[in-house]
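# Per-entry structural report
The chain contents come next:
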Amino acid sequence: MQYFDLVLSFTALFGLCAFLTLKARLHSALAPLAALGITGIWFTLVGVADLLVAGGWVFYLAAWGLGAFALVQKRSEARRLLSPGAVVFWGLAISFAVYFAIRQPMFHDFDEFSFWGPAAQMTSTTDHLYTICEYGTPWQATQNCGLIVLSYFVQFFGAFAPFKVYLAYDLLLFGCIAALVGAIGFKNYRLALPMAVIGWCTPWFFTVYARTIAVDDTYMSAYGDVPAGMLAGGAVAMWIALRSEKGAGPRWAVLPVLPVLALLANIKDNTFPIALIVAGCIAADAFLFDYAARWKEGLARRFGFAVLSLAAPVAQYKVWSNYIAVLVQKNAESGGTGTTSLSPFGAALQGTKMLLGLSVPEEYAARQEQFYTAMSNMWDAFFSSEKWTLSMIGPGVVVTALILVLFVIALVFAKGMRQRLRVLCWMGLSSLGFVAYNYVLALSYGFIFKPFQATDLTDYPRYMYTYYIAWFLMAAAVLAWVVQTGRWRLLCQAGALAFACLMLVRVNMMVLPQMSVLGFSDATFADQYLIMEKVDAVKAQIDEDDRIFFVSQGDDGLLWFTYSCYFQPNILDYSGWEKNEETGLYGAGGGSFCLPENMPSEDVEGAIYFHAYSTEDFAKAVAESGCDYIFVDKLDAGFVAGYGSLFTDGLAAAQNGETLLYRITPDGYEPVAMEVPR
């Protein structure tokens, strides 16, 4: 019964897909993506209202009820549930559910522990959005919840497990692959198979660029960058399949694309501009290329849908931003950090004024050099792969050329002027969107990120491949539509098959099977198993509401985030967090401490993570933290010499491997007898 929650979530998802296909007349290949979009938006809204449990029950009962109703009413049409895209989705979904349940992969990357993993865990274990849960840090969790609530849906009835988070995100990826296959029927398998292979290879193609020596986590990652790119491309593929000449259904059947656009705006902060770009492209296509006999026919209807397309992501953005604004204000009033960065809209306005030579406020003028540095570095990165390796085929300029070539091929094989104009529209608007996205990214590096992030272009590949994935899938979807309706179809199908084979060969060349998500060894998570054993040993000695002060010399923050994730519901205090009164900035948290005279110089790697406390200041920090225990993970000679006098045994028990835990008492920190995992 441990995994029965997955069975229940799959049956609910199937019920909703059956209703959308049989009653709403949505193609079965597009139903999974539409259903996941509806799921994400529903759980976001009930989460914002803090009604996750009630909302979850309503959703499941509605999905099961609607599915049963559709299957009974339309049982003679049940064959419509079967299509190449639907087979791809459900085949991948069930296969990965079984595989992950057997192998039990765990979180392993920094950001998985700093946000994506703990957020999903807190939401699932508390039945409240992570935004209102305590995590030990003084800042407010404001990251969007679109993916987190999908994870909550998948394990609504069961215990939390990291592999279920991966599965939830992969369901979204598989829904996008199914949408790329689109309304292709079984008779056209020569095209359906290549499109499925292209969709499967796309995440690896634009995120892996060398033979790996560790787990490649494309399909085993809790990060939002790949799902965001796939969802943007999947939304376009879904739209094109809905409105293609062969796949066109009733006019109202295009509405399921709206929750997909709304969900896209709720994945990450930087996906809102991508959602606007995608919505703008769909709006333009809907308005300019309707199937009416005369262009003026249905003008109001086309304009109305174009407005709805743009309104869907904007409405989702407003709901979330207003919700977060209230929480940040409450956090600031209770002593938290409040707003810690410049407004994205302010950055866009003032950055544009700066480029035009107009005067800007002082806080923006102070970052002028940082802004120009970011733009220069991004320009260099676009043409060079020496420092910022981006994809399996080279730097951004090569990726851009490949995508544009796909559009040009679609133009060559398009049939008639109207079809060519439509391809040109997609090509032109998506290219303008690429320029706009780069500008938004430059503004972020210039005005929102820290100076060293602009200089080093921190995480540049991760931010860029989101758009490259989306853009590539847009081009692939347009090309697939042309192949079905344009000239020389057999030749086009042969070309699509050849390109899919090239992608598959390149992926297999670059990603060794034993180093991929499909072949990782148990030793991959050896460190995680030891950490979990330590946490279990400590938890056996404390109560669920005890707060813990963290000591781990040399930690760069990763161990703090990792232990915090596994210690839930116990709070691991963000030890060492303090405000610099001169700069107004907060120092790094974590668990590394030293006496002021032993503080490493700034040019020493890792110096930023040490906190210069005198013995008295350390004792004061522990007392003010409200912690009940001190968890000693790693010690060094400096810590023992500087603070050992505060511990009743001088830290002898910890040094001898006899304990990891000290109880905080008025008379000093007393060792707790326990068995320490090795």
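Our structure's up above, just so we're on the same page.
Since this is a predicted model, take the numbers as computed values, not measurements. (Residues numbered from 1 in each chain as written. Predicted model: local features only at pLDDT ≥ 70, side-chain atom pairs only at ≥ 80, totals over all residues. Heavy atoms only, no water.)

A few words on the pattern of salt bridges. When the charged atoms of two side chains lie near each other, side chains of opposite charge can form a pair. For the structure on display, the rule yields eleven salt bridges. When the shortest N-O distance is used, the salt bridge between Asp633 and Lys534 registers 3.3 Å. Pair noted here: Asp633 is in strand β5 (residues 629-634) and Lys534 is in helix α21 (residues 526-539), with a separation of 99 residues, a long-range link. The pair formed by Asp633 and Lys534 is uniform in burial state, with each residue classed as buried. Salt bridges linked by common partners bring Asp111, Asp225, Lys268, Asp459 and Arg462 together as one network. (Salt bridge = Lys/Arg side-chain N within 4 Å of Asp/Glu carboxyl O. Helix = DSSP H or I, 4+ residues; strand = E, 2+ residues; numbered from the N terminus. Buried < 20%, exposed > 50% of the residue type's maximum accessible area, 1.4 Å probe, protein only.)

For the rest of this paragraph, the subject is helix α20 (residues 489-510). Because each turn of an α-helix spans 3.6 residues, side chains separated by three or four positions in sequence point in the same direction. Along its 22 residues, α20 runs 32 Å from first to last C-alpha, staying within 8% of the 32 Å computed at 1.5 Å per residue. Those residues of α20 that sit buried are Cys492, Gln493, Ala496, Ala500, Met503, Val507 and Met510. The arc enclosing the buried residues of α20, seen along the axis, measures out at 125°, which places them on a common side. Facing away from the buried side of α20, by more than 90 degrees, are the exposed residues Leu490, Leu491, Leu502 and Asn508. As for α20, its buried residues are in contact with α8 (189-205), α16 (396-413) and α19 (460-485). (Expected span 1.5 Å × (residues − 1). Arc of directions from axis to C-beta. Contact = heavy atoms within 4.5 Å.)

A separate point is the nonpolar core. With 213 residues, the main nonpolar core has Phe174, Met238, Val278, Tyr445 and Tyr468 as its most contacted residues. Ignoring anything within four residues of it in the chain, the contact list for Val278 reads Ala232, Ala235, Val236, Leu261, Leu264 and Met474. With 21 residues, the next largest nonpolar core counts Leu595, Phe618, Val632 and Val640 among its residues. (Core = buried A, V, L, I, M, F, W, Y, C linked by side-chain atoms within 4.5 Å.)

Bringing the packing of aromatic side chains into the picture now. Two numbers describe a pair of aromatic rings. These are the distance of the centres and the angle of the planes. Counted according to the given criterion, the structure contains 76 aromatic pairs. Pairing Phe14 with Trp90 gives two aromatic rings, centres 5.7 Å apart and planes at 70°, and the pair type is edge-to-face. One end of the pair, Phe14, is in helix α1 (residues 4-22); the other, Trp90, is in helix α4 (residues 84-103), with 76 residues separating them in the sequence. For Trp90, a relative accessible area of 17% corresponds to the buried category. Ring centres of Phe434 and Tyr467 lie 5.8 Å apart, and the angle between their planes is 45°; this geometry places the pair in the tilted category. (Phe/Tyr/Trp six-rings, centres within 6.5 Å; stacked < 30°, edge-to-face > 60°.)

The next thing to look at is the pairing of strand β7 (residues 668-671). Here four bridges tie strand β6 (residues 661-665) to β7, and the two strands are oriented antiparallel to one another. Looking across to β7, one finds that Tyr662 is bridged to Pro671. Here β6 hands over to β7 after two residues, the two strands then running antiparallel side by side. (Pairing = 2+ DSSP bridges.)

Here Ile548 lies in strand β1 (residues 547-552). Here the alpha-carbon distance between Ile548 and Ser564, two residues 16 residues apart in the chain, equals 9.7 Å. Leaving out residues up to four positions away in the same chain, Ile548 has contacts with Ile542, Phe567, Asn570, Ile571, Leu572, Asp573, Cys627, Tyr629 and Phe631.

A separate point is α21. Under the 1.5 Å per step criterion, the end-to-end length of α21 is 20 Å for 14 residues, consistent within 8% with the ideal 20 Å. Of all the positions in α21, only Gln528, Ile531, Lys534, Val535, Ala537 and Val538 are classed as buried. Packed against the buried residues of α21 are α5 (110-126), α22 (558-567), β5 and β6.

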